[in-house]
Each structure stands twice: as C-alpha cells, then as structure tokens.
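Notes for the structure review
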Amino acid sequence: MKQLVANDPWTVVQDGFDPEQHRVFESLFSLGNGHFGGRGNHEEQYSGDTLRGNYLAGIYYPDPTRVGWWKNGYPDSFAKVLNAPDWKALHIAVDGEPLDFATAEVTEYRRILHMKTGELERHARATLPNGRSVAIDSVRFVSMTRQHLGVIRYRITPLDGPAGITIESRVDGDVVNEDSNDDDGFWDAVDAESFGSRTAIVTRTKKTEFLAATASDVLVGVGGEPVEVAADRWEPTTRARFAAATLALDVEAHQTVEIVKFGASFTSRANTDATSTDLAAAAHGELDTALPIGFELLRAEHRAAWARKWEISDVIIGGDPAAQQGIRF
C-alpha cells in the first residue's frame, strides 16, 4: 500500500500536489472543534475531483432508504449528517484568470496539518493558464476557544509583474451530499445578504427544520499594511443559499495581498426556539467581536487551548513514529 505521508510525531505533511489523491488529502486535512468543521478543501475554486464538505454538530436529515431489494425491518429513512454551508470559499482571479490548481501548473506545493496546534498550513507556487505566476500561503484553524468561529489567513503574491487580483469572499449554502437519496436536496433558503465585505445566509433543513446562520467577513492588507476598503468598493452578490462580496485590487510584482477571513456559524440545535433573526444576529455579533481581535491573538488563544488539551490527553509511544503519529491524529 502506498504511504501518502511521512511518519512524523506531530504533523501530517503532503509534499507535492497529487490530484489523484486529492480527496484523500482533503479528508486527512479536516479541521473541527466539536461544534462545526470541514474538510481540507482549497479556499480557492478547484475544478478537479473534490468533495467540498462542511458539517454542523447534530444537524441531520432523514434521508430516504433506497435499496435494490427490500427486507422487512428496513427503515423508511436513516439519519444523515448534512453537508452544510461553506464559509471558507475565497475565489481568486489573477488578471481575470481563475486561480484553480486543477488547471494551473503547480511548481511547488506543501500542506501541513499541525496536530499540536490544530492548524492547516499550505505553501504553493503555480503558473496560471494566462502565464501569470503566483505564490500562495495560507493558515486555517477552527477555534477551540470560540466554538462558532473559524479563521483563515490567505496570502497571494504575484511573482512576474504587476497584477490585478480579484477576491470573491463567499458563503455558499448551495451544497449537496454526494450519497443523498433525496432528489430534492436538504436545505431551504431563508435569507441571504451582502453588505461591504460582510456576507451571510440563513438556511433551514427540510423535514427536521434546523436553522443555520453562516456569516463571514474579511480584512485586507497589501504589502504588509492593512487597507481600509470602502464598503461600496465591494460588489455584492446574493441568491438563494448564497452570498458573496467581490473586491478588485491592483498590486505590484512581489507585493503580497493578505486576506484574513472570519467565519461564524450558529444553529438552532441548542435552542429550538431561536428564530432566523436571532441566529443571524448571533453570527454577526461573533464577527463583530472577532475582527478587532485579529488573526494573531485569536490564533494565540486557540493554540493555548490545544496546549492544555495535550497536557492532559497526550499518549506517548516510544520507538514507533508511525504509531505515535497515528494515535495523535
């Protein structure tokens, strides 16, 4: 059996882009905190074989049972954990060309799951079909101290001259489960809004009627300095189960654009009396609190929480690096 990653006691590392094993690595690089989480999908669009997945604790749906033949005792349906709205998506274009690792020539690629700190890191270089070359560096975590919050720091640097960088920050609830037996889907649209860099949607599960509010916001920097972007520079897009905000920037060669994206997710699971308005307000409130704190302090408190977990839960195995890596994973 092919060994996909090297044995290391505290990390899982992917060295080199491997589209044949892309779904496997998406699974290996999943992150979560007990309330919500998701697969290790690329933040930017990916047109190759992928399984986009985000999940909310306790949010399920009675999917109809379909079998080629029926036996007495089979249930009419079974509870399925639903693919939930995606807060992570940051679709990027360089001089109008989408950044897509399925169509780009990937010249460097390294992804690292840091098990000690619960972080997913990626470093890559790629040449797009229009000939533009870029470097990508990203870090993602799902907060262990703020159960409704996830954070991404995404950096893109043009390497071969000035470039127009287009950023589309999305909250996308137009999602499905690949193994669904229900042709009507699981989610109904309730609300979608986009104002300035803020995007938010509220969706409701069919039959079980769970509500989910998912919101996101971004901070932008260029060349190591924050950029104050007027709200009207963001182009809004909304439709059923989808909200996006798009910003266009012109940067010089080797000038890094930094996007820090914050995602918040609330559901009615813990409070069945919560309305869509209540949950949307909670998601916006989480973002309003998180943005002034910023990436570094949120990351520091998240790391401290993981350190406390390892202090009381680590299992140390001597002489067998593969077993040590496996049990920590």
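Our structure's up above, just so we're on the same page.
Quick look at the structure, then. (Residues numbered from 1 in each chain as written. Predicted model: local features only at pLDDT ≥ 70, side-chain atom pairs only at ≥ 80, totals over all residues. Heavy atoms only, no water.)

Let us now look at the overall build of the chain. Scanning the chain from terminus to terminus reveals three helices and 20 strands. Since a compact globule built from 329 residues should have a radius of gyration of about 20 Å, the 20 Å found for the chain is in line with a globular shape. Overall, the C-alpha framework of the chain stretches about 65 × 55 × 40 Å when taken along its three principal axes. Per-residue burial over the chain gives 50% buried out of 329 residues. Long-range contacts, defined here as pairs at least 24 residues apart, represent 69% of the contacts in the chain between residues at least 6 apart. As displayed, the chain has an accessible area near 15,000 Å², and 50% of this comes from carbon and sulfur atoms. The averaged location of the 49 negative side-chain charges in the chain is 4 Å from the averaged location of its 33 positive side-chain charges. (Helix = DSSP H or I, 4+ residues; strand = E, 2+ residues; numbered from the N terminus. Rg over C-alpha atoms; globule rule 2.2 N^0.38 Å. Buried < 20%, exposed > 50% of the residue type's maximum accessible area, 1.4 Å probe, protein only. Contact = heavy atoms within 4.5 Å. Areas by Shrake-Rupley, 256 points an atom, 1.4 Å probe, with all protein chains shown as cover. Lys, Arg positive; Asp, Glu negative; His and termini not counted. Charge placed at Lys NZ, Arg CZ, Asp CG, Glu CD.)

This part takes up the side chain of Gln 324. Along the chain, the position of Gln 324 falls in helix H3 (residues 321-328). Other than its neighbours up to four places away in sequence, Gln 324 contacts Pro 9, Val 315, Ile 316 and Ile 317.

It is worth spelling out the environment of Arg 155 at this point. Turning to its location among the elements, Arg 155 is positioned in strand S12 (residues 149-158). Residue Arg 155 is classed as partly exposed on the basis of its relative accessible area, which comes to 29%. Once the C-alpha coordinates of Arg 155 and Val 220 are considered, the two residues, 65 residues apart in sequence, prove to be 9.8 Å apart. Excluding anything up to four places from it in sequence, Arg 155 contacts Ala 135, Ile 136, Asp 137, Thr 256, Val 257 and Glu 258.

What follows covers the packing of aromatic side chains. Counted by the stated rule, this structure contains 10 aromatic pairs. Through successive ring pairs, a cluster of aromatic residues spans Phe 17, Tyr 46, Phe 101 and Tyr 109. In this structure, Lys 116 is placed above the aromatic ring of Trp 10, and the distance from its NZ or CZ to the ring centre is 4.6 Å. Here Arg 239 stacks its cationic end above the ring of Phe 242, 3.8 Å away from the centre of that ring. (Phe/Tyr/Trp six-rings, centres within 6.5 Å; stacked < 30°, edge-to-face > 60°. Lys NZ or Arg CZ within 6 Å of the ring centre and 35° of its normal.)

A separate point is a nonpolar patch on the surface. A contiguous nonpolar patch, built from Val 67, Trp 69 and Tyr 74 and spanning about 300 Å² of accessible area, is present on the exposed surface. Residue Tyr 74 is classed as partly exposed on the basis of its relative accessible area of 31%. (Patch = residues over 30% accessible without salt bridge, like charges linked within 9 Å, V, L, I, M, F, W, Y side chains within 5 Å. Salt bridge = Lys/Arg side-chain N within 4 Å of Asp/Glu carboxyl O.)

Another point: unusual backbone geometry. If you check the backbone angles, Glu 209 has positive phi at about 60 degrees while not being a glycine. Judged by its relative accessible area of 56%, Glu 209 falls in the exposed class. A positive phi angle is found at Arg 241, which is not glycine, with a value near 65 degrees. On the secondary structure map, Arg 241 appears in the loop between strand S18 (235-239) and strand S19 (242-251). You can call Arg 241 partly exposed: its relative accessible area is 23%.

This part covers the sheet that holds strand S4 (residues 54-56). Sheet strands line up and pair through hydrogen bonds in the backbone, either parallel or antiparallel. The antiparallel open sheet is built from three strands, whose spatial order is S2-S3-S4. In this open sheet, the two edge strands, each paired with only one partner strand, are strand S2 (31-32) and S4. Alignment of strand S3 (residues 36-38) against S4, held across three bridges, turns out to be antiparallel. What sits directly across from Gly 38, in S4, is Asn 54. (Pairing = 2+ DSSP bridges.)

Now for the pairing of strand S7 (residues 90-94). S7 sits mainly inside the fold: five of its five residues count as buried. Across five bridges, S7 lies against strand S13 (residues 163-172) in antiparallel orientation. The partner of Leu 90 across the bridge, within S13, is Ser 169. With two bridges connecting them, S7 and strand S8 (residues 97-98) associate as antiparallel partners. Looking at the pairing, Ala 93 lines up with Pro 98 of S8. With antiparallel pairing between neighbouring strands as the criterion, S7 and S8 make up a hairpin whose turn holds two residues, including Asp 95 at a positive phi of roughly 50 degrees.

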